[in-house]
Amino acid sequence: MRRKIVIPTVLLLAVLAIGGGLAVTHRGPFERPAPPPAAPPPVPVVAGVVAQHDVPIYLTGVGTVIAFNTVVVHSQIQGQIVSINFTEGQTVHTGDLLAQIDPRPYQAQIDQVTATRDRDQAQLVNAQANFKRYSDLGNKGWATPQLVETQQAQVAQLQAAIKADEALIEAAKVQLAYTKLTSPIDGVVGIRQVDIGNIIHPTDPNGLVVVTQIEPISLIFTLPETDLPQIQQQQEKTKGPLTVLAYSQDDKIKLDEGTLGLVNNQILQTTGSIQLKAEFPNNTHRLWPGELVNARLLLDVRQNGLTVPAAVVQQGAKGPYAYVVNPDSTVAIRPIKVAQISDGQALIDSGLQANEQVVVDGQYKLQPGTHVTILHGQAAQEAAAQDALQAPIP
């Protein structure tokens, strides 16, 4: 009896176990398997290509334009200005008439000393005739030697007086020439300091006008003293003057191209820098005395150098790096070494290869391994503008 009861119980437990297993392993007809997580969409970026070409190496400094000659036109005599013969800001040449002082008093002085010379010349002619006459009488014994010598001395005296008159005439002519105020150099005149009708004096501190030489012109700029060995090595290598480029303060306009004249003979201890002086032809007058400009000293030309847009270079805790786009459209961080950044282009010493694709804009949204899609044309410009507004301040 007990054996019959145990057997159904075992069968019941087995059925329950099988049913529980089927309940666990099988779902209902309305249940669906959970979908796998969706992959993040690719990040849109602006990309560029690593270019390879000859790249100039510059040393960049800030300098001031200095005129070779600046002259304050002073009068050497006193007189009334009767004419002004220039326009403010006009280009003038050596000897050009700038102003005229009333010449009449000085012309009268010339007339006076000329009349005195003519009188002395007439007296000399008479004295020479008397001397000849007395000399003939003296040779015949009809005139004393003293009388002859007196006449001879009078001739010499009048000859000396005529020489003095000639000197006075020359001095008066010089004074008359000073009535014409002329430009001593080629250059550009500034603001007029004296008007017509005023009396000008040699002691006037401002003079008539300032004339400044514009062509050629010089630029004095500074570089760190650590650049001096490179400059000296390049000078020994080229055996000639190095090229210097002058740019506006915003580096957008090339003002002129000149040559390095000298490296100053001492280092400024207060700033640890060296002074250099360059000369520019300045034919277009873009360089102006006193102007603050950026100077670029062409040190060398890197053959087949690698360049990328300056925006490619990112700064990290371990130094500069760039995002490189892999063939599978993912990005990777690549440490790089930058030689210089100029005109919006970065010269790469190491870390990149020619024709590789690098991310130019949109780096702040990337991580290593992120999938990207590259924008082109108008979309790239809009993305760059949008990123400029949203990018975090470093």
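In the block above lies the structure referred to throughout.
The paragraphs below set out a description of the structure included in this document. (Residues numbered from 1 in each chain as written. Predicted model: local features only at pLDDT ≥ 70, side-chain atom pairs only at ≥ 80, totals over all residues. Heavy atoms only, no water.)

Focus on the overall build of the chain
Item 1. Across its full length, the chain holds five helices and 22 strands.
Item 2. In the chain, which comprises 394 residues, the proportion classed as buried is 32%.
Item 3. Long-range contacts, defined as pairs at least 24 residues apart, comprise 76% of the intrachain contacts of the chain with a sequence gap of at least 6.
Item 4. Of the accessible surface of the chain, which amounts to about 24,200 Å², a share of 56% is contributed by carbon and sulfur atoms. (Helix = DSSP H or I, 4+ residues; strand = E, 2+ residues; numbered from the N terminus. Buried < 20%, exposed > 50% of the residue type's maximum accessible area, 1.4 Å probe, protein only. Contact = heavy atoms within 4.5 Å. Areas by Shrake-Rupley, 256 points an atom, 1.4 Å probe, with all protein chains shown as cover.)

Considerations on the pairing of strand S13 (residues 254-268)
Item 1. Pairing of strand S12 (residues 243-247) with S13 involves five bridges; the strand directions are antiparallel. Looking at the pairing, Tyr 247 lines up with Lys 254 of S13.
Item 2. Here S12 folds back onto S13, and the loop between the two strands holds six residues, one of which, Asp 251, carries a positive phi near 60°.
Item 3. With six bridges connecting them, S13 and strand S14 (residues 273-280) associate as antiparallel partners. (Pairing = 2+ DSSP bridges.)

So, the nonpolar core
Item 1. Ranked by size, the top nonpolar core spans 22 residues in total, and within it Phe 221, Ile 231 and Leu 297 carry the most contacts.
Item 2. Of all the secondary structure elements, the ones that give two or more residues to this core are strand S2 (51-67), strand S11 (217-224), helix H4 (228-238), S12, S13, S14 and strand S15 (292-309).
Item 3. When sequence neighbours within four positions are dropped, the list of residues in contact with Phe 221 reads Val 62, Gly 63, Val 244, Leu 260, Ile 274, Gln 275, Leu 276, Ala 278 and Ala 295.
Item 4. Among the nonpolar cores identified, the runner-up in size contains 18 residues, and Ile 77, Ile 101, Ile 185 and Val 209 belong to it. (Core = buried A, V, L, I, M, F, W, Y, C linked by side-chain atoms within 4.5 Å.)

What to know about the pattern of salt bridges
Oppositely charged side chains are able to pair whenever their charged atoms sit close together.
Item 1. One pass over the structure, following the stated rule, counts nine salt bridges.
Item 2. Residues Glu 166 and Arg 117 are paired through a salt bridge, measuring 3.3 Å at the closest nitrogen-oxygen approach. Here the residue Glu 166 occupies a position in helix H3 (residues 145-177), and Arg 117 occupies one in helix H2 (residues 104-139), the gap between them amounting to 49 residues.
Item 3. Judged by its relative accessible area of 29%, Glu 166 falls in the partly exposed class.
Item 4. Arg 302 is the partner of Asp 349 in a salt bridge, and the nearest nitrogen-oxygen pair spans 3.0 Å. A residue pair is termed long-range when its members are at least 10 positions apart, and Asp 349 in strand S20 (residues 345-350) and Arg 302 in strand S15 qualify at 47 residues. (Salt bridge = Lys/Arg side-chain N within 4 Å of Asp/Glu carboxyl O.)

Let's talk about the environment of Asp 256
Item 1. Within the fold, Asp 256 resides in strand S13.
Item 2. In this structure, the C-alpha to C-alpha distance between Asp 256 and Asn 283, residues 27 residues apart in sequence, is 8.7 Å.
Item 3. Ignoring any residue separated from it by four or fewer positions in sequence, one finds Asp 256 in contact with Val 244, Leu 245, Ala 246, Phe 280, Pro 281, Asn 282, Asn 283 and Leu 287.
Item 4. Here Asn 282 takes part through its backbone nitrogen, which lies 2.7 Å from a polar atom of the side chain of Asp 256. (Polar contact = N/O pair within 3.5 Å; in protein donor to acceptor, adjacent residues only side chain to side chain.)

A few points about the packing of aromatic side chains
Item 1. In this structure the tally under the stated criterion is one aromatic pair.
Item 2. Ring plane angle 80° and centroid distance 5.9 Å describe the contact between Tyr 321 and Tyr 323, whose orientation is recorded as edge-to-face. Assigned by exposure class, Tyr 321 and Tyr 323 land together as buried.
Item 3. Between Arg 296 and the ring centre of Tyr 58, over which it is positioned, the NZ or CZ distance is 5.9 Å.
Item 4. Geometry around Tyr 247 places Arg 296 over its ring, the cationic atom sitting 3.9 Å from the centre. (Phe/Tyr/Trp six-rings, centres within 6.5 Å; stacked < 30°, edge-to-face > 60°. Lys NZ or Arg CZ within 6 Å of the ring centre and 35° of its normal.)

Description of the sheet that holds strand S8 (residues 187-189)
Item 1. Within the open sheet, the four strands sit side by side as S3-S10-S8-S5. Their pairing is antiparallel. The two strands at the open ends of the sheet, each matched to only one other strand, are strand S3 (70-73) and strand S5 (91-92).
Item 2. In the sheet, S3 pairs with strand S10 (residues 209-212) via four bridges, with the strands oriented antiparallel. Pairing of Val 72 across the sheet is with Val 210, part of S10.

Thoughts on the sheet that holds strand S6 (residues 97-101)
Item 1. With antiparallel pairing, the four strands of this open sheet are ordered in space as S7-S6-S4-S9. Taken across any chain shown, the strands that pair with only one partner, and hence form the sheet edges, are strand S7 (180-182) and strand S9 (199-200).
Item 2. Here S6 pairs with S7 via three bridges, running antiparallel. Across the sheet, the residue bridging to Gln 100 is Lys 180, located in S7.

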